[in-house]
Amino acid sequence: MKYVAPIARWKIDSDEERKLAEKADSDFAARRDYVAFYKKNDPVYYEKGLPLIEKTIYEFLGGELTEQEKEWLTIDMIYSLHRFGCMFKEYFIFQFYKLSTIGREEFITDKKRYPFYTAFNTQENHELFTNKSETYKVFAKYYKRDILTIEKDSDFDKFQMFVKKHPKYMVKPLWGSLGQGIQIVDHNSYEFFSGLLPKKEKPEYICEELIVQDTKMGVLHPASINTVRVPTVVCKDGVHIFHPVLRIGINNSIVDNGGSGGILANVDTDTGIVYTAGFDESGNRYVTHPNSRVPIVGFQIPRWNEAKSLAIELAQITDNRYTGWDLALTDSGWVMVEGNDCGEFIMQIADKVGRKKELDALISNI
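Values in this document were obtained by computation on a predicted structure and should not be read as measured data.

Caption draft 1: View of the overall build of the protein chain. The number of helices and strands found in the protein chain is 15 helices and 14 strands. Overall, the protein chain is about 65 × 50 × 45 Å in size when its C-alpha atoms are taken along their principal axes. Burial status across the protein chain gives 51% buried among its 366 residues. Put simply, the protein chain shows about 17,600 Å² of open surface, and 52% of that area lies on carbon and sulfur atoms. Between the mean site of the 47 positive side-chain charges and the mean site of the 53 negative ones, the protein chain shows a separation of 1 Å.

Written as structure tokens, this is what we have:
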């Protein structure tokens, strides 16, 4: 028996597990045996999951369920985690409770996305996209704004020059994701600067000139830079754009990331028109933006062909095959916000359509 897990120990690879899974796919009673297998063989992982399941059920369905309904959901959610790599929030976001085994296997779930990155990308390029400072060195031409990495105490002179040029600026964790830890500040003191100095050997923060958003995108939610995630896959026959997504901030948040509460909606690749309602990662649906009241369905992304051209150009700079490009629109055109070589397949959130077969087909074309 061995564990197969890119991040956490979620899957036990054994003949016994596979036999139980096969039975559980068509028989709910057998699902209890499948769950019991994981409870026995990894009790710590099992026990840690139960409070998260209870919390997630309450978040999506409230507290009006019967004990029998809660038990059914708990068993099915644990089965879906180990059988399909489906995280507890994904269970509701992708509406797994409505799907058969075939339907569930269509989705690129959180735990099953990592083999795709391995198939498409190189480990050598991983730090390029996880370290924002390294990303900027390679793609500075496309950022069209200043960025300063805080590395050592002697950088204070550079910091003062940066702040003099950009009195209000953004601070980002160098290794951060999901929009966490990002703040807009106007501090220029040594005390603030010293708080950005690395506590270990590696730099931890960058200071970034603010993006001035074009009003045509800002109308959706002025407080955040509303971006478009444009995933690209480089194949033998050229660069494919793989289901772009509009990302919008909410409730005056400065970030638009889905993981920080932002709204996601799918964009038609050919026209740049949003063709789904917006959804957040708590399952809420938005036909219009709850703050600005601007319609989300049918929204036309401005200068869309330029955004696509930029993504295609960016995709050919490294030898990675798959990257999710976050792009923002300014008065002078589209700029790069960041690239994601391990970006989640968020296009599945808004339309509840699994994309595994499509991505498998692209893998066969690289």
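What follows picks up the thread again.
Caption draft 2: Up close: the pattern of salt bridges. Under the defined criterion, the tally for this structure stands at 24 salt bridges. Notably, a salt bridge pairs Glu17 with Lys11, separated by 3.1 Å at the nearest N-O pair. On the basis of relative accessibility, which here comes to 17%, the residue Lys11 falls in the buried class. Between Lys357 and Glu106 there is a salt bridge whose closest N-O contact spans 3.7 Å. Taken together, the residues Lys357 in helix H15 (residues 356-363) and Glu106 in the loop between helix H6 (101-105) and helix H7 (114-120) connect sequence positions 251 residues apart. Counted as one network, the salt bridges with shared partners bring together Asp13, Asp15 and Arg18.

Caption draft 3: Highlighting the packing of helix H9 (residues 132-143) against helix H13 (residues 304-315). One way to put it is that H9 packs onto H13 with a least axis distance of 12 Å and a crossing angle of 160°. One element, H9, and the other, H13, form an angle in the roughly antiparallel class. In the crossing of H9 with H13, the sense of the turn from one axis to the other is right-handed. Taking contact as the criterion, the partners of Phe139, Lys141 and Tyr142 in H9 are, on H13, Leu310, Glu313 and Leu314. Split by residue class, the contact of H9 with H13 holds four nonpolar, no polar and two charged.

Caption draft 4: How the structure looks around the packing of aromatic side chains. Scanning all chains against the criterion turns up 31 aromatic pairs. Between Tyr79 and Phe84, the ring centres sit 5.5 Å apart and the planes meet at 85°, which makes this aromatic pair edge-to-face. One exposure class covers both Tyr79 and Phe84, and it is buried. An angle of 45° between the planes, with centres 6.1 Å apart, marks the rings of Phe92 and Tyr97 as tilted. The buried category is assigned to Phe92, whose relative accessible area is 7%. The exposure class of Tyr97 is partly exposed, given its relative accessible area of 35%. Each member of the aromatic cluster is reached from another via a ring pair, and the members are Tyr34, Phe37, Tyr38, Phe60, Tyr79, Phe84, Tyr91, Phe92, Phe94, Phe96, Tyr97 and Phe107.

Caption draft 5: Expanded view of the nonpolar core. In this structure, Met77, Val233, Phe345 and Leu359 are the most contacted members of the largest nonpolar core, which totals 47 residues. Examining the composition of this core, we find that seven residues originate from one element, helix H4 (residues 67-84), more than from any other. Beyond its immediate sequence surroundings of up to four residues, Phe345 is in contact with Ile108, Arg113, Phe116, Tyr117, Phe242, Tyr322 and Leu359. The next biggest cluster of nonpolar side chains, apart from the first, holds 38 residues, and it includes Leu128, Met217, Ala315 and Leu329.

Cut-off values and rules
- Residues numbered from 1 in each chain as written.
- Predicted model: local features only at pLDDT ≥ 70, side-chain atom pairs only at ≥ 80, totals over all residues.
- Heavy atoms only, no water.
- Helix = DSSP H or I, 4+ residues; strand = E, 2+ residues; numbered from the N terminus.
- Buried < 20%, exposed > 50% of the residue type's maximum accessible area, 1.4 Å probe, protein only.
- Areas by Shrake-Rupley, 256 points an atom, 1.4 Å probe, with all protein chains shown as cover.
- Lys, Arg positive; Asp, Glu negative; His and termini not counted.
- Charge placed at Lys NZ, Arg CZ, Asp CG, Glu CD.
- Salt bridge = Lys/Arg side-chain N within 4 Å of Asp/Glu carboxyl O.
- Axes fitted to C-alpha atoms, helices over the stretch in contact; angles between N-to-C directions.
- Parallel < 35°, antiparallel > 145°, perpendicular 65-115°, else oblique.
- Left-handed = near helix turned anticlockwise from the far one by under 90°.
- Contact = heavy atoms within 4.5 Å.
- Nonpolar A, V, L, I, M, F, W, Y, C, P; charged D, E, K, R; others polar.
- Phe/Tyr/Trp six-rings, centres within 6.5 Å; stacked < 30°, edge-to-face > 60°.
- Core = buried A, V, L, I, M, F, W, Y, C linked by side-chain atoms within 4.5 Å.

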